[in-house]
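Spelled out, the chains give:
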Amino acid sequence: MFQKLRPLEGEELILRDQGLLEHVVSWSPGHLHLTTRRLVFAQGENVIFERYLENLEIVDIIKRKCILSKMVKQLRIVSGGRVNYIAIRKVDNWLNEIYQTFIEMDLNGIEK
């Protein structure tokens, strides 16, 4: 059963959807959450990927193989020299929301 991510104090949830995180050599199903401070991929309450937005170096979309070698557009997230790939529906909307959150962080004086 899906459990909601517990936001940090002062944090708001912007988007949440099911997706797949490339984990070593396989794909892990779960839910991707975008908050006003973090990107979090979790299976229930078990967080398996968490990145603070101010620490992201690159966020873009690339087309690459997923389950059954099907080519799909995925989020590529680079932070701390680590690269993660997440296959999620409406990936273009996710990228736009992440960029919009960066802009709002900058306007509100939050350091990146």
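Look a little higher up for the structure.
A brief structural summary. In this text, all values refer to a predicted model and were calculated from it rather than measured experimentally. (Residues numbered from 1 in each chain as written. Predicted model: local features only at pLDDT ≥ 70, side-chain atom pairs only at ≥ 80, totals over all residues. Heavy atoms only, no water.)

### Looking at the packing of aromatic side chains
Our working definition: Two rings from Phe, Tyr or Trp (for Trp, the six-membered ring) form a pair when their centres are within 6.5 Å of each other. A pair whose planes differ by under 30 degrees is stacked, one over 60 is edge-to-face, and the rest are tilted. Whether a charge lies above a ring is judged from NZ of Lys or CZ of Arg, which has to be within 6 Å of the ring centre and within 35 degrees of the ring normal.
Scanning the model with the defined rule gives zero aromatic pairs in all. Lying over the aromatic face of Tyr85, Arg64 brings its terminal NZ or CZ to 3.6 Å of the ring centre.

### Let's talk about the side chain of Thr35
Stated formally: Where helices and strands are cited, they refer to DSSP runs of H or I of at least four residues and of E of at least two residues respectively, numbered from the N terminus. For this analysis, a polar contact is any N or O atom pair within 3.5 Å, provided that within protein one partner can donate a hydrogen and the other can accept it, and provided that sequence-adjacent residues contribute only side-chain to side-chain pairs. For this analysis, residues touch if any pair of their heavy atoms sits within 4.5 Å.
Within the fold, Thr35 resides in strand β2 (residues 26-35). For Thr35, the side chain forms a polar contact with the side chain of Glu11, separated by 2.6 Å. From its side chain, Thr35 meets the backbone nitrogen of Arg38 in a polar contact 2.8 Å long. If near-sequence neighbours (up to four positions away) are discounted, Thr35 is found in contact with Leu5, Glu11, Glu12, Leu13, Ile14, Leu53 and Thr101.

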